[in-house]
Structure formats: C-alpha cells, structure tokens
Amino acid sequence: MAEIKLAAESRDEFGKGAARRLRREEKVPGVIYGHGAEPKHVAVDSHALMMALKTPNALIRLDVDGKSELVIPKAVQREAIRRFLVHVDFLAVKKGEKVSVELPIQTEGELAPGGNLLEHLLNTLPVEAEATHIPESVTVSIAGLDAGHTVLAKDIELPAGVSLAVEEDTAVLQVIAAQAEAPAEAEGEGAEG
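Residues numbered from 1 in each chain as written. Predicted model: local features only at pLDDT ≥ 70, side-chain atom pairs only at ≥ 80, totals over all residues. Heavy atoms only, no water.

Caption draft 1: Seen up close, the pattern of salt bridges. By the definition in use, this model includes three salt bridges. Residue D169 pairs with K154 through a salt bridge whose shortest N-O separation is 3.6 Å. One end of the pair, D169, is in the loop between β12 (163–164) and β13 (171–176); the other, K154, is in the loop between β11 (150–152) and β12, and 15 residues separate them in sequence. Looking at D169, the relative accessible area reads 57%, which means it is exposed. (Salt bridge = Lys/Arg side-chain N within 4 Å of Asp/Glu carboxyl O. Helix = DSSP H or I, 4+ residues; strand = E, 2+ residues; numbered from the N terminus. Buried < 20%, exposed > 50% of the residue type's maximum accessible area, 1.4 Å probe, protein only.)

Now the structure itself:
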C-alpha cells in the first residue's frame, strides 16, 4: 500500500469552540498517539483527509510543522447527518511494526443454484499486519457453496505477513436457504357464507 502524504499543523487550542473554528477553516482536529509518547494535537485539511480515508487502513505520512510522522487512522468521528469529518485519532507506526486492523471482506463467485442467500456474520476481519504492508481487503471465494455451509476465519487465505487477530473458529460467512413464502389462499375458498 502506498503512503498518502498530507500536511498538518500542530494546534494548542482545545475544546468545542476551537474545534468549530478549525472546521469553519475546513480543517479537522486530530490527535497522534502511540509509542509511549505524549499525544500530539494536529489539524489536517478536511478534503484531503476525507479523500485519504476512502482507502481502508490508509498509511498516511503527516508533515507536521516540518517533521514527518507515519500514522494510520484508528478512530474517525463523523457528523451523524451530513457525514463530514469531526475528529480523527491517528496511531503512530514504524516500518516493520505489527498493528491490529480490520480488513473489509469481499466475496467472489456465485453460490450454488437454488436460491441460497449469503449472510455476512462479519463485515471486517480483525488481523495483525506490518504497518507498511496492510492489505486493502481480503477476498473469499463463495463459488458453489450450498445452504448450510459456513466460512470460518481459518478458511480465509491471508496475504503473506498477515495473521488472524480473532479465533480461528469464528464464523465469518454463512450460506442459508431462502425462505419460501406460504402460497396466498385463493380468493373465495374457505369463506364462510
């Protein structure tokens, strides 16, 4: 995964009023934490950050007042209705360091014929990966799976250097048979007169 470079500035004003001023300037307040260091409070351009966050588990190189910080977004808060960014927590990482992330689960292939339905028991798979080599997602083949089949976490093929951060027996996907509707009663039948 390529690094996304973003400019940031340190901030020393805190609270609702300061956060609102930043948002009016189209900036998002954030905090960088990790490695036992004191948290660093930053402000990042809202649009650039929103574009960077379109990539799951984005690896971001923040240029904070001339110093470079390698981070991944850990917690992103959005406004409930309009979905604009309100605040973001970044985790400082180093090359070679393992981090816990959740990868989106994608499926490929067609289920066995017969009207079966695929139920996602997990939408993301918790894994540990090197901070600079986090895959964007994991792909699971569901080709030919029939009703009653369950895909467990251990059944998912992970890229090299990535390990599960969840029990191997955790159910991820399951195929269920479609529920048949009861036939509608013909009109006039069974009517008492």
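Further notes follow.
Caption draft 2: Examining unusual backbone geometry more closely. For E26, which is not glycine, the phi torsion reads 60 degrees and is therefore positive. For E26, the location among the structural elements is in the loop between α1 (16–24) and β2 (27–34).

Caption draft 3: Expanded view of the sheet that holds β2. Taking strand neighbours around the barrel as the criterion, the six strands line up as β1-β3-β2-β6-β5-β4 in a closed arrangement whose pairing is mixed. Ignoring which end each strand starts from, the neighbouring axes of this sheet average 45 degrees apart. Here β2 pairs with strand β3 (residues 37–45) via seven bridges, running antiparallel. By the bridge assignment, G34 is partnered in β3 with A37. (Pairing = 2+ DSSP bridges. Axes fitted to C-alpha atoms, helices over the stretch in contact; angles between N-to-C directions.)

Caption draft 4: A look at the side chain of H87. Topologically, H87 is positioned in strand β6 (residues 85–92). A distance of 3.4 Å separates polar atoms of two side chains, one belonging to H87 and the other to D89. Not counting residues within four places of it along the chain, the set of residues in contact with H87 comprises R11, V28, P29, G30, V31, A75, V76 and Q77. (Polar contact = N/O pair within 3.5 Å; in protein donor to acceptor, adjacent residues only side chain to side chain. Contact = heavy atoms within 4.5 Å.)

Caption draft 5: View of the pairing of β3. Where strand β1 (residues 4–10) and β3 come together, three bridges link them in antiparallel fashion. Counted as the bridge partner of E9 is A43 from β3. A loop of two residues connects β2 with β3, the two strands running antiparallel in sequence, and H35 in this loop sits at a positive phi of about 60 degrees.

Caption draft 6: Summary view of the sheet that holds β12. Taken together, the four strands give an open sheet; going across it, the order is β10-β7-β9-β12, and neighbouring strands pair in mixed fashion. The open sheet is flanked by β10 (138–141) and β12, the only strands paired with a single partner. With four bridges joining them, strand β7 (residues 98–108) and β10 adopt parallel strand pairing. Bridging from a neighbouring strand, I105 pairs with V138 of β10.

Caption draft 7: Focus on the nonpolar core. Counting residues in each nonpolar core, the largest one holds 26 residues, and the members touching the most others are I72, V93, V99 and L125. Among the elements of the structure, β5 (67–78), β7, β9 (124–130), β10 and β13 are those that each provide at least two residues to this core. Per element, the largest residue contribution to this core is four residues, and it comes from β7. Grouped together as the second largest cluster of nonpolar side chains are 18 residues, A58, V64, L85 and F90 included. (Core = buried A, V, L, I, M, F, W, Y, C linked by side-chain atoms within 4.5 Å.)

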